[in-house]
Amino acid sequence: MLLKVPSDIPVLCAATLSVNPCTALRMLTDFETLAPGDSVIQNAANSGVGQAVIQIARASGIKTINVVRDRPDLPQLVERLMALGADHVVTEEMLRKPEMKDIFKSTPKPRLALNCVGGKSTTEMLRHLQPKGTMVTYGGMAKQPVMVPVSAFIFRDVRLRGFWMTQWRKDHMQDQESVAGMMDSLCQLIRRGQLSAPACTEVPLQDYRAALEASMKPFVSSKQILLL
């Protein structure tokens, strides 16, 4: 399915529009009915999807608790995510600490958790989900299984779901109205300055090998954009 991108959308936003922002919007709207003041918790918050989640949630009055891996430039990363509209940024290690209680003095426990990592990060994030809340898994960066305590099902009735943007598009092949409506919603956010492209590095097409190498480095949040 081909969709025209409006000419007033910046090039970098247009180049990164079809997957990450769409994934973020679908996960924020398709699994829980969130209202202004509600909260969402997500890991891999510095990813392209994570950055889009922060901005789309902010535009809807939804608070975000954002989990990232510890790294040498953590203060700079926290500053960048807060500038996008993040309410809280914590490391995976902080998820296990009593200080998390301080966050929930001003922010309600999340009804929705977005998982792109798996392993311990997911297990710890799930502990902070509201009873009857939903965790949506859309990636597995840690290459480890999603481990959920039995008590989370029995005593808190949490729901585990999965999401893949490619499958959503296949399911809506004949529903161009839904697809066009999704794209229009995102373009409106871009026009209002509420959704920007993730951090990008523009690379001439002939230097594609350098872009591939850069994309494989750890702790790199920048998208490699090939310029024709």
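For the structure itself, consult the block above.
Residues numbered from 1 in each chain as written. Predicted model: local features only at pLDDT ≥ 70, side-chain atom pairs only at ≥ 80, totals over all residues. Heavy atoms only, no water.

Student: Explain empty space enclosed by the protein here, please?
Tutor: Empty space among the atoms becomes visible once a probe the size of a water molecule is rolled across them. Under the counting rule described, the total for this entry stands at 1 cavity of 30 Å³ or more. Considering the residues around the largest cavity, the lining is formed by 14 residues, among which Pro-21, Leu-195, Ser-196, Ala-197 and Pro-198 are closest to the centre. Of the residues forming the lining of the largest cavity, the biggest block, 4 residues, is contributed by helix H3 (residues 48-59). In the lining of the largest cavity, the residues fall into 8 nonpolar, 6 polar and no charged. (1 Å grid on protein atoms, 1.4 Å probe; cavity = no way out; pocket = protein on both sides within 12 Å on 5 of 7 lines; lining within 4 Å. Points joined across faces, edges and corners; volume = space filled by probe spheres on them. Helix = DSSP H or I, 4+ residues; strand = E, 2+ residues; numbered from the N terminus. Nonpolar A, V, L, I, M, F, W, Y, C, P; charged D, E, K, R; others polar.)

Student: Looking at this structure, how should I read the sheet that holds strand S3 (residues 88-91)?
Tutor: Through backbone hydrogen bonds, the strands of a sheet pair up, either in parallel or in antiparallel fashion. Read from one edge to the other, the open sheet built from 6 strands follows the order S3-S2-S1-S4-S5-S6, with strand pairing classed as parallel. The open sheet is flanked by S3 and strand S6 (159-162), the only strands paired with a single partner. Averaged over all adjacent pairs, the angle separating strand axes in this sheet is 20°, with direction ignored. With 4 bridges joining them, strand S2 (residues 63-68) and S3 adopt parallel strand pairing. Among the inter-strand pairings, Ile-65 is bridged to a residue of S3, identified as His-88. Running at roughly 175° to strand S4 (residues 112-115), helix H6 (residues 119-126) makes contact with strand S1 (39-42), S4, strand S5 (134-137) and S6 of the sheet. (Pairing = 2+ DSSP bridges. Axes fitted to C-alpha atoms, helices over the stretch in contact; angles between N-to-C directions. Contact = heavy atoms within 4.5 Å.)

Limitation: the analysis is restricted to geometry and does not speak to function.
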